[in-house]
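Here is how the chains run, residue by residue.
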Amino acid sequence: MSDPYDNTPERTFAALPPAHGRGFALTWWGQAWLKALEDAALDNQQVKTGRRLARAGAVGAVSVRPGRITAVVQDSDRTSHRADVLLQELSEEQWDRFLGMAVERSGHIAALLDREMPTHLVEDAEAAGVELLPGLGDLEAQCDCGAWDHCGHTAALCYQVARLLDQDPFVLLLLRGRGERELLDELQVRSIPRTETEAPGQEQAYEGVDATEAYADGEILPPLPDAPPLPDAPPVPAEPGLPPSLDTETDPASGVDPAALEFLATQAAREAHRLLTEALRAGHEQRSIAAELTLAQDAVRLASGVPGTSVAGRLAEGSGRDREGLALAVRAWEHGGTAALDVLEADHPAQAETLARARAALESAWEEDQRPALRASRNRWTVADGRTQLRLGTDGRWWPYRKERGRWAPVGPASQDPATALALAEGQE
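Everything quoted here is computed from the prediction, not taken from an experiment. (Residues numbered from 1 in each chain as written. Predicted model: local features only at pLDDT ≥ 70, side-chain atom pairs only at ≥ 80, totals over all residues. Heavy atoms only, no water.)

## A word on helix α3 (residues 92–104)
Note the following rule: Numbering of helices and strands runs from the N terminus, with a helix taken as a DSSP run of H or I at least four residues long and a strand as a DSSP run of E at least two residues long. By this rule, a helix spans an expected 1.5 Å times one less than how many residues it contains. With a 1.4 Å probe rolled over the protein chains alone, any residue whose accessible area is under 20% of its type maximum counts as buried; one over 50% counts as exposed, and the rest are partly exposed. Picture the helix axis, draw a direction to every C-beta atom, and the arc is the one those directions span.
With 13 residues, α3 should cover 18 Å at 1.5 Å per step; its first-to-last C-alpha distance of 19 Å lies within 8% of that length. The complete set of buried residues in α3 reads Trp95, Phe98, Leu99, Met101 and Ala102. Within α3, the buried residues cover an arc of 160° as seen down the axis, which keeps them to one side. Those residues of α3 that are exposed and aimed more than 90 degrees away from the buried face are Glu93 and Glu104.

In structure tokens form, the structure reads like this:
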């Protein structure tokens, strides 16, 4: 692997060994990278081919530079192909917003230096109008095999890069246009406080007009000029506001629970901030409206906000769950919202067509001599040792589960690849 502090805008990573018996992308940001590939590829068979090639170690050294990753991939017949995957760089204005956001929160910089990409870093970047992770259609494929969409070679390259992202999220930032050294230098410059001599000149304060005088002179003043165009909307706050505290010396009225009210006000502020951030995101008007949550689902959403003991008890009771059941539901919610909650609580039979696709995915995920022994029951596949489990969602994705204190618990987000999901489950040991 090249020196991460090299000032050149390119890094080259040596070919990784075969990944037999393990999944790809064990981090959530690596999973998001693969989801962008798997959701956009028009031919799922090419994605499976790429997964097999990557798992077999057929991807050579990977070159990463702004806007492009490149590698030579060998087919099973030893034919070599150059594969490229392109990702749009961030603009100078977007980088300026990202760096300004990162400087305000030193924890973001510390996390990146620890080779971590916490969700709140990505969420804060999105609130500033910067999309770090690729979305649907953002990964553009180019291969000398002649394919016009993602082929097995570009898919294999994406799977290999997911392993690199697991190790170092700066790989993603380099793809977006900035190397590690350059980023750290810019952040250091921005972190230096301005001195009085460096501060921009202060404009003389305008004292305004006395309201009484203005009203008295209203009849002789000229008409107001045409209103100027409205300015751009102010940026969305980085964090939701805090509601007023109800901890006063006055006793609450009968039947009023101040702790519950404070909790609901906090959650309302968080939800309003999330909805506003999503509404201002590019392409929001083209997205379908999410189904309204049921009372039981909304109780889980609220419980994910870490309520106090008394509020958590009321949420559990109102949702028809016990305390432990609510805690498991919250874990599922945090891994995938309503889809993850459905997989946790619904034990539905798989349709014949879905079951056939599931078995094909299981067969292609491992080499025959490395495939784990799985017992199938409806939409659940349990490993023979009885400690880990795969659950198949209605959308064909696999969810990792692990038995904890006698109950099956979700341990990670869903994956199109059952081997990746199982590796997540086994990685919790």
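Next comes the rest of the account.
## Some words on the environment of Arg163
Stated formally: In the analysis that follows, any N or O atom pair within 3.5 Å is treated as a polar contact, provided that within protein one partner can donate a hydrogen and the other can accept it, and provided that, for residues neighboring in sequence, both atoms belong to side chains.
Looking at the element boundaries, Arg163 is found in helix α6 (residues 152–167). Put simply, Arg163 and Gly23 are 140 residues apart on the chain and 9.3 Å apart in space, counted from C-alpha to C-alpha. A polar atom in the side chain of Arg163 sits 3.1 Å from the backbone oxygen of Pro17.

## Let's talk about empty space enclosed by the protein
Defined as follows: Grid points spaced at 1 Å over the protein atoms alone were grouped into cavities, where a 1.4 Å probe fits but cannot get out, and pockets, open sets with protein on both sides within 12 Å along at least five of seven lines, with lining residues defined by an atom within 4 Å of a point. Grid points are joined across faces, edges and corners, and a volume is the space filled by probe spheres set on the points. Residue polarity is assigned by list, with Asp, Glu, Lys and Arg as charged and Ala, Val, Leu, Ile, Met, Phe, Trp, Tyr, Cys and Pro as nonpolar; anything else, Gly included, falls into the polar class.
In the structure shown here, the tally under the stated rule is one cavity of 30 Å³ or more. Of the pockets and cavities examined, the largest cavity occupies roughly 40 Å³. In this structure, the largest cavity is lined by Phe98, Ala102, Leu112, Phe170, Leu173, Leu183, Leu184 and Leu187. Examining the composition of the lining of the largest cavity, we find that three residues originate from one element, helix α8 (residues 180–191), more than from any other. Classifying every residue of the lining of the largest cavity by side-chain character gives eight nonpolar, no polar and no charged.

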